[in-house]
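# Secondary and tertiary structure notes
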Amino acid sequence: DNHLGNVIQGGTYSSVTGADWSTAIRLAMAQVEAQGYTPSVVLVSPATAAEIDLNLLGLLGGLSSLPAQVSPYGMSVITSPLVPDDVAYVGDFNTAVSLFERTGIEIFTTDSDKDKFSKNVFTILAETRCKGAVIQPLALVEATVTATTP
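So, a few notes on the structure that sits alongside this text.

The rules behind these values
Residues numbered from 1 in each chain as written. Predicted model: local features only at pLDDT ≥ 70, side-chain atom pairs only at ≥ 80, totals over all residues. Heavy atoms only, no water. Helix = DSSP H or I, 4+ residues; strand = E, 2+ residues; numbered from the N terminus. Buried < 20%, exposed > 50% of the residue type's maximum accessible area, 1.4 Å probe, protein only. Contact = heavy atoms within 4.5 Å. Phe/Tyr/Trp six-rings, centres within 6.5 Å; stacked < 30°, edge-to-face > 60°. Salt bridge = Lys/Arg side-chain N within 4 Å of Asp/Glu carboxyl O. Expected span 1.5 Å × (residues − 1). Arc of directions from axis to C-beta. Polar contact = N/O pair within 3.5 Å; in protein donor to acceptor, adjacent residues only side chain to side chain. Core = buried A, V, L, I, M, F, W, Y, C linked by side-chain atoms within 4.5 Å. Patch = residues over 30% accessible without salt bridge, like charges linked within 9 Å, V, L, I, M, F, W, Y side chains within 5 Å. Areas by Shrake-Rupley, 256 points an atom, 1.4 Å probe, with all protein chains shown as cover.

## A closer look at the overall build of the protein
Broken down by element type, the protein carries five helices and nine strands. Starting at the N terminus and ending at the C terminus, the protein contains elements arranged as α-β-α-β-α-β-β-α-β-β-α-β-β-β. Split into buried and exposed, the 150 residues of the protein put 31% on the buried side. Restricting the contact set of the protein to residue pairs at least 6 apart, pairs at least 24 apart contribute 79%.

Pasting the structure below:
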């Protein structure tokens, strides 16, 4: 999931601003829907995810905790430390983002490292070469919250 934050960075997307995270996310959803896509994911930093949770707690009347499986407007929340704290990306990520594989998954197994052979221990390495890319930027919207003065 951290790589998803890296894929999104640097793109040019439509943007919306709301008074709070619930408003900003809902406005972003409307913009994604207006482009003909179905928003399914909110991509945010861990700090913004906490703000969204606290905002939802306030909207739900100050419950001591969120009920299980609550997410903004039924969308999945994905956190990545690569996303700035003041931004949320809302969109149809299944359509917007694609993973291009250069090679398939390669699996290597060995027992020839130090004393692993005599202990009958195997090391397994699995790797692939791939790159994620935004192929449909209209399916993503960048949401922000207006700055508040204390």
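That covers the picture; the talk isn't over yet.
## Description of the packing of aromatic side chains
Considering all chains together, one arrives at one aromatic pair under this definition. A centroid spacing of 5.9 Å and a plane angle of 80° characterise the contact between Tyr13 and Tyr89, whose relative ring orientation is edge-to-face. Of the two residues, Tyr13 is situated in the loop between α1 (2-8) and β1 (14-18) and Tyr89 in strand β4 (residues 88-91); the sequence distance between them amounts to 76 residues. Given a relative accessible area of 5%, Tyr89 falls into the buried group.

## A look at the pattern of salt bridges
Counted under the stated rule, the structure contains one salt bridge. Among the salt bridges present, the one from Arg26 reaches Glu33, with a minimum N-O distance of 3.9 Å. Judged by relative accessible area, Arg26 falls into the partly exposed class, the value being 35%. You can call Glu33 partly exposed: its relative accessible area is 39%.

## Focus: helix α2 (residues 21-34)
Here α2 contains 14 residues, and its C-alpha end-to-end distance of 20 Å stays within 8% of the 20 Å for a straight helix at 1.5 Å per residue. Here α2 has its buried residues at Trp21, Ser22, Ala24, Ile25, Ala28, Met29 and Val32. Viewed end-on, α2 has its buried residues packed into an arc of 165°, placing them on one side of the element. A side-chain oxygen of the first residue of α2 lies 3.2 Å from the backbone nitrogen of Ser22; this N-cap is Asp20. Positive backbone phi, approximately 95°, marks Gly36, located one or two places after α2.

## Here's the deal with the nonpolar core
Among the nonpolar cores identified, the biggest contains 31 residues, and Ile8, Ile25, Val42, Leu43, Tyr89, Val90 and Phe93 are the most heavily contacted of them. Elements with a minimum of two residues in this core: α2, β2 (41-44), α3 (46-59), β4, α4 (93-96) and β9 (140-145). Of the residues forming this core, the biggest block, six residues, is contributed by α2. Residues in contact with Val90, not counting those within four places in the same chain, are Ile25, Ala28, Met29, Val32, Pro39, Val41, Val42, Met75, Ala139, Leu140 and Val141.

## What about the environment of Cys130?
In this fold, Cys130 is placed in strand β8 (residues 130-134). Every residue in contact with Cys130, bar those within four places of it in the chain, is listed here: Leu99, Phe100, Glu101 and Arg102.

## What to know about a nonpolar patch on the surface
Side chains of Ile105, Ile107 and Ile124 sit close together on the surface and give an oily, nonpolar patch of about 360 Å² of accessible area. Summarising the element assignment, Ile107 is placed in strand β6 (residues 106-110). Residue classification places Ile107 among the exposed residues on the basis of a relative accessible area of 59%.

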